[in-house]
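The primary structure of each chain is shown beneath.
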Amino acid sequence: MRNNTFYSVLLTLLLLSIIGTGCSSSNSSSSDGGNEAANGKETVELSVWLTPQWKGVLDATEEGADYDSFILKAAEKFAAQYSKYNVKINTQVIAGDQRDQMLNVNLSSGTPPDVFFESVFAMGDYVHRGALVPLTDLVDDQDRSDIASGYWDAVTFNKDVYFYPFQNNPGTLVYNADMFKAAGLDAYIGGEQEIKTWTLADYEEILSKLKNNLSGSGYANAYPMALYGMNNQGDTWNLAYLRMFGNPFFDETGHIILNDEKGVKAASWLKKIVDAGYTNPGPESVTSNDANGMFLNQQLAISFTNPVLYNNARADMDSGKQTKFDMRLANIPSESGDPLTFTYVVGASVFQSKDAKRVEAAKDFVRFISTDAELVKSSKNGIPVRSSVISEYEKQYPLFKAYNENAKYVFNFTGNVPGYSQLREQLYPELQALYTGVKTPEQAVKDYQDHGNQVIDTNRNSSVIFSNK
């Protein structure tokens, strides 16, 4: 009986250990907290969460490279030079699909992480909920000038900065230059390290020639352009298409204003290219993953991409996993001639723990990792936001320069409006109705605006940004 009791206690302790560990990885780096009495500094413990971004500090080939390597290195370097407190930093890698659930549980229990390193796109709603601390006071003029204004716009809610830009993941078009050549479109092909800009007239000529010339050139089952609307994935490109004729999408109050002549014209254009056979059939039932697969299988001449998708495809081509073809980048065209581009900015934020010392140390840590001359070089694992880092690495990574030159065309696709995650659910049903002919372009645009603004207004009522709570 005694043995049974012993094993029962042992099993309970083991289960508690497993539950405490969860599905995420956790590590820590600290200053010598044991010397608190000797150095006279108080010990402050911080938790830093991140979703998988890249492995290693500067490169995934580093020995023992993991997703938290950068944060662990930064924590070690920070603790060694930090004069205010002895700092112990615990890191935890959170799967993207667990992020909101884990944050909501910890916010409800009053135990949020101190720092979260993540895409701003995924974290904006936490600003409106009052869960994050403004970081405006961390930003100086030198950093403002080194990082393009479009990136600052993405992290600024009302007048305050809530995320410190570190790197970004820009969205562009990608095209099969071999298919362009087969269709007689050599004049529209850009350089291998260029993000080609076409006018809207150019683009319509490209789509027309691809439609008419591909069938007899060895690409009989291919279509000119990817288009999809099955769900909200990849919806940022659809938001860009709706801006092609100059509609600003949001007004100065943060409400959708798509329902005007320019917005209707964009929706009509999308319907027109579907009816003309310029896209894959049935975009209403096609996902972005489907479209990406069709492009890689050379069933589409033009698709969507970002640096992660683009580099992964190139790596698969080099390894033989993917059939190799000449793949190049282009901007989303617009009627004005200025290209449209957007980006997913990644950076650190600070949660409100209601512990002044932890908030202070967390802000100092975010400032450190975002400005340290050596640590910011890790942004080369994505696309750096800093012009200084671009300049250092542009010979090694020629596309960095092209992305940096593109930064002046970046639009803020979320508008930093409250309830953006819910707002995403309003667009694709209207696109489906548009593509199937259930709704006219005018009706689809009106209904999206009406339903979308209802979402925004509902969330504005509880937003600390708008209520000044």
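Residues numbered from 1 in each chain as written. Predicted model: local features only at pLDDT ≥ 70, side-chain atom pairs only at ≥ 80, totals over all residues. Heavy atoms only, no water.

The subject of this paragraph is helix H18 (residues 441–460). Between the first and last C-alpha of H18 there are 28 Å, a value that for 20 residues agrees with the 28 Å anticipated at 1.5 Å per step. Within H18, the full set of buried residues consists of Pro 441, Ala 444, Val 445, Asp 447, Tyr 448, Gln 449, Gly 452, Asn 453, Val 455, Ile 456 and Asn 459. Where H18 is buried, its residues meet helix H10 (235–241), helix H11 (261–275) and helix H17 (420–436). (Helix = DSSP H or I, 4+ residues; strand = E, 2+ residues; numbered from the N terminus. Expected span 1.5 Å × (residues − 1). Buried < 20%, exposed > 50% of the residue type's maximum accessible area, 1.4 Å probe, protein only. Contact = heavy atoms within 4.5 Å.)

Moving on, we come to the packing of aromatic side chains. A full pass over the atoms with the stated rule returns 36 aromatic pairs. With a centroid separation of 5.8 Å and 20° between ring planes, the pair formed by Phe 180 and Trp 198 is classed as stacked. Here Phe 180 is found in helix H8 (residues 177–182), whereas its partner Trp 198 is found in the loop between strand S8 (195–196) and helix H9 (200–213), with 18 residues between them in sequence. Per residue, the accessibility class of Phe 180 equals that of Trp 198, and both read buried. (Phe/Tyr/Trp six-rings, centres within 6.5 Å; stacked < 30°, edge-to-face > 60°.)

With that settled, consider empty space enclosed by the protein. One pass over the structure, following the stated rule, counts 4 cavities of 30 Å³ or more. Sorting the residues of the lining of the largest cavity by element identifies H17 and H18 as the ones contributing at least two each. Considering every element that reaches the lining of the largest cavity, the biggest residue donor is H17, with 4 residues. Along the lines of polarity and charge, the residues of the lining of the largest cavity split into 9 nonpolar, no polar and 1 charged. (1 Å grid on protein atoms, 1.4 Å probe; cavity = no way out; pocket = protein on both sides within 12 Å on 5 of 7 lines; lining within 4 Å. Points joined across faces, edges and corners; volume = space filled by probe spheres on them. Nonpolar A, V, L, I, M, F, W, Y, C, P; charged D, E, K, R; others polar.)

Looking now at helix H5 (residues 120–128). Every α-helix winds through 3.6 residues per turn, so residues three or four apart in the chain are directed the same way. Along H5, the positions that sit buried rather than exposed are Val 120, Met 123, Gly 124, Tyr 126, Val 127 and His 128. Contact partners of the buried residues in H5: helix H4 (99–108), strand S4 (115–119), helix H7 (149–155), strand S5 (156–157), strand S12 (342–350) and helix H19 (464–467). Positioned one or two residues after H5, Gly 130 has a phi angle of 80°, which is positive.

Before going further, it helps to examine unusual backbone geometry. One non-glycine residue, Gln 298, lies in the positive phi region at around 60°. Along the chain, the position of Gln 298 falls in the loop between helix H12 (288–296) and strand S10 (300–305). For Gln 298, a relative accessible area of 18% translates into the label buried. Here Asn 416, not a glycine, exhibits a phi torsion of approximately 55°, which is positive. Here Asn 416 lies in the loop between helix H16 (399–406) and H17. A relative accessible area of 9% places Asn 416 in the buried class.

A separate point is the layout of surface pockets. Each pocket or cavity is described by its volume, and for the second largest pocket that value is around 250 Å³. Lining of the second largest pocket is provided by 13 residues; of these, Glu 252, Thr 253, Gly 254, Gly 415 and Phe 466 occupy positions nearest its centre.

Attention shifts here to the pattern of salt bridges. Overall, the coordinates contain 26 salt bridges when judged by the stated rule. The closest approach of N and O atoms between Glu 205 and Lys 209, which form a salt bridge, is 3.6 Å. In this pair, Glu 205 and Lys 209 both sit in helix H9, 4 residues apart, roughly one turn of the helix. Since its relative accessible area comes to 32%, Glu 205 is described here as partly exposed. Judged by its relative accessible area of 29%, Lys 209 is partly exposed. Through salt bridges with shared partners, one network takes in Asp 140, Asp 143, Asp 146, Arg 367 and Arg 386. (Salt bridge = Lys/Arg side-chain N within 4 Å of Asp/Glu carboxyl O.)

Once that is clear, we can look at the environment of Asp 326. Within the secondary structure layout, Asp 326 lies in the loop between helix H13 (307–319) and strand S11 (327–330). Asp 326 gets classed as buried once you look at its relative accessible area, which sits at 17%. Sequence separation between Asp 326 and Tyr 175 is 151 residues; the distance between their C-alpha atoms is 8.3 Å. In this structure, Asp 326 is in contact with Tyr 175, Asn 176, Ala 177, Asp 178 and Lys 181, ignoring residues within four places of it in sequence.

At their nearest, the axes of helix H3 (residues 69–81) and helix H14 (residues 356–371) sit 10 Å apart, and the two run at 115° to each other. Considering the angle they form, H3 stands roughly perpendicular to H14. Relative to H14, H3 is oriented so that their crossing is right-handed. From H3, Phe 70, Ile 71, Ala 74, Ala 75, Lys 77, Phe 78 and Gln 81 reach across to H14, where they touch Ala 361, Asp 364, Phe 365, Phe 368 and Ile 369. The class makeup of the residues in the contact of H3 with H14 is 9 nonpolar, 1 polar and 2 charged. (Axes fitted to C-alpha atoms, helices over the stretch in contact; angles between N-to-C directions. Parallel < 35°, antiparallel > 145°, perpendicular 65-115°, else oblique. Left-handed = near helix turned anticlockwise from the far one by under 90°.)

Take the side chain of Thr 305 next. Relative to the helices and strands, Thr 305 resides in strand S10. Among the polar contacts made by the side chain of Thr 305, one reaches the main-chain amide nitrogen of Tyr 310 at a distance of 3.3 Å. Setting aside anything within four residues of it in sequence, one finds Thr 305 in contact with Pro 170, Gly 171, Thr 172, Leu 173, Val 174, Trp 237, Tyr 310 and Leu 329. (Polar contact = N/O pair within 3.5 Å; in protein donor to acceptor, adjacent residues only side chain to side chain.)

Residues Met 327 and Leu 329 of S11 are buried on one face, and the alternating residues Arg 328 and Ala 330, pointing to the opposite face, are buried as well. Here 2 bridges tie S8 to S11, and the two strands are oriented parallel to one another. Following the sheet pairing, Lys 196 is matched in S11 by Ala 330. (Pairing = 2+ DSSP bridges.)

Looking now at the pairing of strand S7 (residues 164–176). Most of S7 is tucked away, with 13 of its 13 residues classed as buried. Bridge analysis of S7 against S12 gives 7 bridges, and the strand direction is antiparallel. Note on S12: the bridge partner recorded for Pro 165 is Gly 347. Relative to strand S13 (residues 383–384), S7 runs antiparallel, the two sharing 2 bridges. Bridged to Asn 168 within S13 is Ile 383. With 4 bridges connecting them, S7 and S10 associate as antiparallel partners. When the bridges of S10 are listed, Tyr 175 appears paired with Ile 302. With 4 bridges connecting them, S7 and S11 associate as antiparallel partners. Counterpart to Val 174 in the pairing with S11 is Leu 329.

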